Amino acid sequence: MAYKPRKKIEQTEENIASIPSEAPTNRQIIEDVIAKINKTFKSNIISFADEYDAGFLLRRPTGIISLDIAIQGGFPRGIIEIAGENNVGKTQLSVEVCKQLQKNYGEDACIALCMVEPWDKSFWKNLGFKVSFSEEEITSGEKALKRKYTAEEKAYLKEQVGQVVHAKCLNAEDMLSTALKLIETGIFQLVVIDSVGSMMSEQQDDKEFGEKTYGGNSTAIQEFVNRFTQLKTNTTVIMINQVRDNMKAGNSPYAEEHRVLGGNALKHGKFVSIWLTKGAKIKETINGVENVEIGRTNNWLIKKQKCGGADGERGHYDFYKGRHGYPLGIDIIGNLLSTAVLYDIVEKSGAWYSYKGERLGQGIDKAAIMLKGHPEIVEEIKARCFDKAGIAFLMRE
């Protein structure tokens, strides 16, 4: 075949104008690829990092400032595990997070409580969670007291902030499916699942008592974790879990002495895992009676976190039983004072606590009483503690 030379293209003005003056930049090339991918999947699944809002500045504070500092301001969006032994205060800590959410969001707060065990609404109310009692509950209370509630008592029982939804489910599949549907609405800031250890699998639900089942609720939890991680949501999901003895611990020097339930999906999918353990009992002399137990110190350990802090941080807080003049619940102000002393914001000289040269009280209890009457000083000290720790976060969108 004879060689035919290519036809020479004349350099006309039109040809020269069609030649791009500059080569496309890397960003322009990537923009074209992103547009094609999003068009293919009919969703904005990919974007530049400087256009993507990760939302990790958004936090759900616990109110316990030593713990909030350790987790960079509070719980992030995602799955949070609160684990511990029996009667250690897992639910109380969850109630405190709910209270803080009501405080920060007001009437915009939306909280879902998905529970296996019966819900003691009175206990949550006494801890400070603002949830309304039904007319039937009020009538039952009046029958138990053998008197009518006063107008002030009824107003207290009917007081509620935001929207509170309660779900009572029979098995893990129903529980997690319900929680997922609530999260998909996009309006719930907080969902509490109580608890992973108490959930019964659908297999167990269908079989007779005593029949063997395998796998437990791990499959349902794995599906929930997988589906939840695909959602674009600001919801924080607190999953209360139980710590059990690890039967394999004696056979291996590397096995942990204790373990939690939920399988590997929950182990890898959670953003924060906090373990609670019981500490020393708090005792006082009441009316001449020595060693009266009025509360307990709870220890917390961060087993895992993916929100900017370090694993393995420890701390503690005091919890009072609501007897002998001590209010029921976690001692938020006492923990704040101890943390403020640590950061040299509140001065401590002997037993006296002072702030900006003004004495708060002799002893932590009296200083806490003084601060409870001045919430603006509490918020100022709290803000200075976060600033000293170098933590900036958002408490609502």
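Please refer to the structure higher up on the page.
In this text the structure is predicted, and so the values were computed from the model without any measurement.

K.L.:
Describe the packing of helix H12 (residues 332–342) against helix H14 (residues 375–388), naming the residues involved and giving the relevant values.
P.N.:
Where H12 meets H14, the closest approach of the two axes is 10 Å, and the angle between their N-to-C directions is 45°. Judged by the angle between their axes, H12 and H14 are oblique. Handedness of the crossing formed by H12 with H14: left-handed. Counted together, Ile 333, Leu 336, Thr 339 and Ala 340 of H12 and Val 378, Ile 381, Lys 382 and Cys 385 of H14 form the full contact between these two elements. Considering only residue class, the contact of H12 with H14 consists of six nonpolar, one polar and one charged.

K.L.:
Describe in detail a nonpolar patch on the surface, supporting the description with residues and values.
P.N.:
Nonpolar side chains collect at one region of the surface, where Phe 41, Ile 45 and Ile 46 lie side by side and expose about 300 Å² of accessible area between them. Following the sequence through the fold, Phe 41 ends up in helix H2 (residues 26–41).

K.L.:
Please give an account of the pattern of salt bridges that cites residues and values.
P.N.:
Taken as a whole and judged by the stated rule, the model has 16 salt bridges. Between Lys 121 and Glu 137 there is a salt bridge; the shortest N-O distance is 3.0 Å. On the criterion of sequence distance, the pair formed by Lys 121 in helix H5 (residues 121–126) and Glu 137 in helix H6 (residues 135–145) is long-range, its members being 16 residues apart. Judged by relative accessible area, Lys 121 falls into the buried class, the value being 14%. Here Glu 142 makes a salt bridge to Lys 148, at a shortest N to O gap of 3.7 Å. Judged by its relative accessible area of 10%, Glu 142 falls in the buried class.

K.L.:
Lay out a negative patch on the surface with the relevant residues and their values.
P.N.:
Together, Asp 174, Glu 202, Asp 205 and Asp 206 line one region of the surface with negative charge. In terms of residue count, helix H9 (residues 202–206) provides more of the negative patch than any other element does, three residues in total. Relative to the helices and strands, Asp 205 is located in helix H9.

K.L.:
I'd like to hear about the pairing of strand E1 (residues 78–84), residue by residue, with values.
P.N.:
Remember that side chains alternate between the two faces of the sheet whenever the strand is regular. Most of E1 is tucked away: seven of the seven residues are buried. Here seven bridges tie E1 to strand E5 (residues 236–245), and the two strands are oriented parallel to one another. Across the sheet, Ala 83 pairs through a bridge with Asn 241, a residue of E5. Across five bridges, the pairing between E1 and strand E7 (residues 272–286) is parallel. If you follow Ala 83 over to E7, its bridge partner there is Trp 275.

Criteria and thresholds
Residues numbered from 1 in each chain as written. Predicted model: local features only at pLDDT ≥ 70, side-chain atom pairs only at ≥ 80, totals over all residues. Heavy atoms only, no water. Axes fitted to C-alpha atoms, helices over the stretch in contact; angles between N-to-C directions. Helix = DSSP H or I, 4+ residues; strand = E, 2+ residues; numbered from the N terminus. Parallel < 35°, antiparallel > 145°, perpendicular 65-115°, else oblique. Left-handed = near helix turned anticlockwise from the far one by under 90°. Contact = heavy atoms within 4.5 Å. Nonpolar A, V, L, I, M, F, W, Y, C, P; charged D, E, K, R; others polar. Patch = residues over 30% accessible without salt bridge, like charges linked within 9 Å, V, L, I, M, F, W, Y side chains within 5 Å. Areas by Shrake-Rupley, 256 points an atom, 1.4 Å probe, with all protein chains shown as cover. Salt bridge = Lys/Arg side-chain N within 4 Å of Asp/Glu carboxyl O. Buried < 20%, exposed > 50% of the residue type's maximum accessible area, 1.4 Å probe, protein only. Lys, Arg positive; Asp, Glu negative; His and termini not counted. Charge placed at Lys NZ, Arg CZ, Asp CG, Glu CD. Pairing = 2+ DSSP bridges.

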